Structure formats: C-alpha cells, structure tokens
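# Fold and contact review
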Amino acid sequence: MALLALSASISFVITFVDPIAMKLLIDHGLGERNLQLFIVVISAVVVLAVVAASLKLLEALWTQRLKNRISRQLNERMLESFHRLPYRQVLTEGDGYFIGRVYDEPKKASEVVVAVIQASLTHVVALATALSISLYLSWRVTLILALIVPVLYILSRRFGRKIVRESKLENESEADFRRNLNRGLHAYVTTAVFDQSTRVAGSILASLERSFAALYLRVKSAAIYRTASGLSMGMAESAVLAVAAIDVFMGNMTIGGMFAYMAGFWKIMNAATGLISLLPEYSRAVGYIERLKEFEMSSPTPDIGKRLQDSDFVCVRGLDFHYGERAVLKAFDLKVERGEKLVVVGRNGAGKTTLALILCGMFEAQAEHMQAPGIRRTSVMLPPLKFYFPTLREHLNLDELDAHKRANALAMLKDFDLEAKLDRDPESFSEGERRKAYLITSLLKDADLYILDEPLAAVDEHSKDILMDWIFLATQGRMLMLIMHGDERYHPRFDRVLHLSVNVDMSSDPTSAVAQATASTVIV
C-alpha cells in the first residue's frame, strides 16, 4: 500500500505541476511582466523536480523489494504444489519443465503483475489529474476526447482475450522447450557415442521454433492493437489542437491557457497511451496467474502414499500396475512380517523398482488390499541417487544428529572410506561412492521398512561385505526389502528370496518365496 501511495503521489505531482506552471509563467509571469512571480514559479518547479526524482529512486527500490517478496511467495507455493504431484508425473515431465513452472513463471508473473498494477495506477492518476485540469481550462475542447473512448473499448475487447490465450500458449511452449533442452544436455554422452547430435539438436531446435512461433503470435496481436490505438489517438490529437486554436482566436482561451491545455492534453495522451500499451501486459499477467493456478490445482494430493493403510507390516493383495497399456505387476500378492528380511531378484523389466516405488508410496496402484508403513516410516534408496546439499556433511546433517546417530554415521563413513570426503560434493563422487553415501543416509533414518535398490551395484568386492554387515546391523528388528542383481552368495542371509519373473501367472500363496509379474521396461 505504501508503494502504491508513493507512486500515485509522484504521478499526481508531475502531472499537475507542468500545465499549471506553464499557464502561470506565460499569462502572469511573461504576460504581466511579473519577474518575481516568474522566478518563484521556476524555483518551485525545480524543487519539485528534485523531490520527484528522489521519490522515483525510492519507488524503484521499493518496487524491486516487492517483486522479490512476491516471487519468493509464489516460488514457495509452486514448490509445495510440486511436492504434492504424483511421482510418475514428475518423471514424465522432466526437470526442465518443472524449473520453468516452479521458478521461471512465478518470477515472470511477479515482475509483470507488479509492473502492470503500478503502471496502471500511475496512468490512472495522471489521466484523472490531467483530465480535471483540461476540463477546468476548456470543457469544450475536452469533449472531443470522449469520441475516442468507444474506439479504445472495442479494441481492448477484441484483442484482450486473444492475447491472454496466446500468452498461455507462449508459456507452455517455452516450458516444453526447456524440458527438451534439459534432456538434450543431460544426454551428452549418449548423443556423442551413438552419433545422435544432429537428431537431438534438430528436436531441440524444433521445440525452440514452436516457442518462437507462440511468442511471435502474442507480439503480433499486441503490435496490431497498439498501432490501431495509436492511430485513433493521433486523430484525436489533431482535432483537439484545431479546436483549441479556434478557442484562442475567439477569445475563449488565453495563449497561456492554450499552452497549458496542450501540456495537459499531452499528459492525457501519454496516460491513455500508457494504459493502452498495458493491455497486452495485463493479458500476459492474467495468463501467468491462470498458469500458476492451474499448476496448484493440478496437484491436490496432500500427502505421498495417502492410499496406503498405515501398518507396521506389509500386506498386498491383488495389486495391478500399468505403464500406459503395459502391465508391470498383475494380480500381485505379497506379505512381509515385522523384522523379516527379503531379497528381491528378477530380470530387468520384471517390476522390482516399480514394486519398491509402490510400497514406499511414490507410485499409486490399484489393489484389493494394501498395507505398508508409509513414507514417513519407510527409508528408501532408489535411483536416481540425487544429492541436493553441496557437501556430504550437509547432506547427512552430521552436525545436527544426536550422539547415537552421529556415532553410527562416523563409523559408516570410516568403514565406507568416505571420511576424507565429508566436505566434498557427493555429485562429484564415483558411482560406488555415491551409493555408499546414499546408503548411509538411508540407514540413519528411523524406519519400520527399509527398501534398498541395488546398494551393492558399482561397489568393489571388498566393500560389499562391509555394506551388507551394516545393512543387517542397522535394520535389526525391522523389515528389509533389498533389490539385487547377482551376488547370490548373500541370499542365505535373508529370510526369503522373492523372484519377480516375466509373463508367468501369479503364485496363489502370498508368502511364497516366488512371486511372478508381467514385464515393463520403463523402470527396472
């Protein structure tokens, strides 16, 4: 509110001073040869100009602070909406798409909305002030301005909705381009090895062309609108000047009054033109706001795994899961008792990781009955292994752990040969080191169910025994479901081996050591 009051005050002062000062200087200063009045008016104008410039500086600083605050609030809301999205949608859309939705669009929205509101208020105050002065100086001439109002209204109705639609299309196509660009950059090695750089670049450039085409449509509509409005304003200007000159010849207006009126008229023109030019920006702002609302409305899920019945054991009956039309798990049954250790094996595409994602609540699936501890009481190690914090120390939150967990963390770091890398970025680790680091995080969480997907992959043979010892030590008395390829020598340490195979009918015994499911190659 303070910023709007400041903007309105600056607009009023700047609009009011020019025409009034011009009339006083010409009619009373020069016309009456009143040097004292002339000097007083000039001095007052200079002082007001300095004050207005200082206030404009303060206004610019306050405006940027407001934009930053609104952008942060919108980013927070979009992040909350992002974390409510189904994980399958997150995987499908990709990182680049959500960077646009979570960061770029809120930032653009805050900039456009604040600019439109502030500029609208400034122009409205200037228009009202200048119009009042013009009516005071000559109501006859001012009536001519009324002729342009219907024309401007018709133009705004015709182009406004069109620009809103085109702004939404522009935002969506830009998000699509970011997604394709992100995928292309991440696939650097693949494109180089398999000579796909031309195809990948072509796909990226095609999405860029679609983004440019959407931008061009919006700019085209806005330009046509501004041109038509400008022509209408130009004709009104010529008519006003002619009528004002006639009033002077007829003695209804002084020379100073005519100059003051034209100064006021230009203020009206500038304010009206400013409001006209804001219509495309207003439409863009509406498009951004609608996009943000759509994103919030598209993620109504309040909690991950909300369909899971909370339990201290796992019981699944009649589970079906599909990727599109491909059945991954079909009529699947599984029961895991508290404290039971289960190793899950099977070929790629048998649904091992998919089952893990379902049991931890990341994927929703259709089932006759499904009970599991839920995400808050489940610790998971699933691909892709991503680290947010820039050091392993921060990722483990080592300095904030209680004495017992800190001792376990330091012991694992030593046994896993990661002590010397506490202050390095885990993203720079080798694949085996990344798995060790992520395993420490997974084992430090207090949970009823531990789901570990390929914790021994890319780990040297010497370290495998150490990792397995820690896994069994940290999960004593808790359920453990470990997905594994090879390393059959560790199978005897588990209570059961669950074998997921492809295209075989499901076992009727939910506690059987063998469970079958149909295949998919989407997630393995």
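Residues numbered from 1 in each chain as written. Predicted model: local features only at pLDDT ≥ 70, side-chain atom pairs only at ≥ 80, totals over all residues. Heavy atoms only, no water.

## Notes on the sheet that holds strand β9 (residues 496–500)
What counts is decided by this rule: Any two strands between which DSSP finds at least two bridges are classified as paired. Helix numbers and strand numbers start at the N terminus; a helix is a DSSP run of H or I with at least 4 residues, a strand a run of E with at least 2. Only the contacting stretch of a helix is used when fitting its axis, a line to C-alpha atoms as for every element, and angles between N-to-C directions run 0 to 180 degrees. We call two residues in contact when some of their heavy atoms are within 4.5 Å.
Spatial ordering of the open sheet is given by β6-β7-β8-β4-β9, a layout of 5 strands whose pairing is parallel. Bordering the open sheet on either side are β6 (378–381) and β9, each of which pairs with just one other strand. Adjacent strand axes in the sheet meet at a mean angle of 15° when their direction is disregarded. Taken strand by strand, helix α10 (residues 352–359) contacts β4 (341–346), β7 (449–453), β8 (479–483) and β9, and its axis lies near 150° from that of β8.

## Describing helix α9 (residues 255–297)
Using the following cut-off: Under the convention used throughout, the expected extent of a helix is 1.5 Å for every residue step, that is, one less than its residue count. Working definition for bend: take the seven residues up to and ending at a residue and the seven starting at it, fit an axis to each, and measure the angle between the axes.
Taking 1.5 Å as the rise per residue, α9 with 43 residues should run 63 Å; its terminal C-alpha atoms sit 61 Å apart, in good agreement. Within α9, the axis deviates most sharply at Leu279, by approximately 35°, and proline Pro280 lies no more than four positions further along.

## A word on unusual backbone geometry
Note the following rule: The classification of residues rests on relative accessible area computed with a 1.4 Å probe and restricted to protein chains. Under 20% of the type maximum is buried, over 50% is exposed, and intermediate values are partly exposed.
In this model, Pro383 is joined to Pro384 through a cis peptide bond whose omega is -5°. Residue position: Pro384 is located in the loop between β6 and α11 (392–396). Although it is not a glycine, Asn397 sits at a positive phi angle of roughly 55°. Along the chain, Asn397 falls in the loop between α11 and α12 (403–415). Owing to a relative accessible area of 41%, Asn397 belongs among the partly exposed residues under this scheme. Within the chain, Asp417 stands out as a residue other than glycine whose phi angle is a positive 60°. Looking at the element boundaries, Asp417 is found in the loop between α12 and α13 (431–444). The class of Asp417 is exposed, set by a relative accessible area of 56%.

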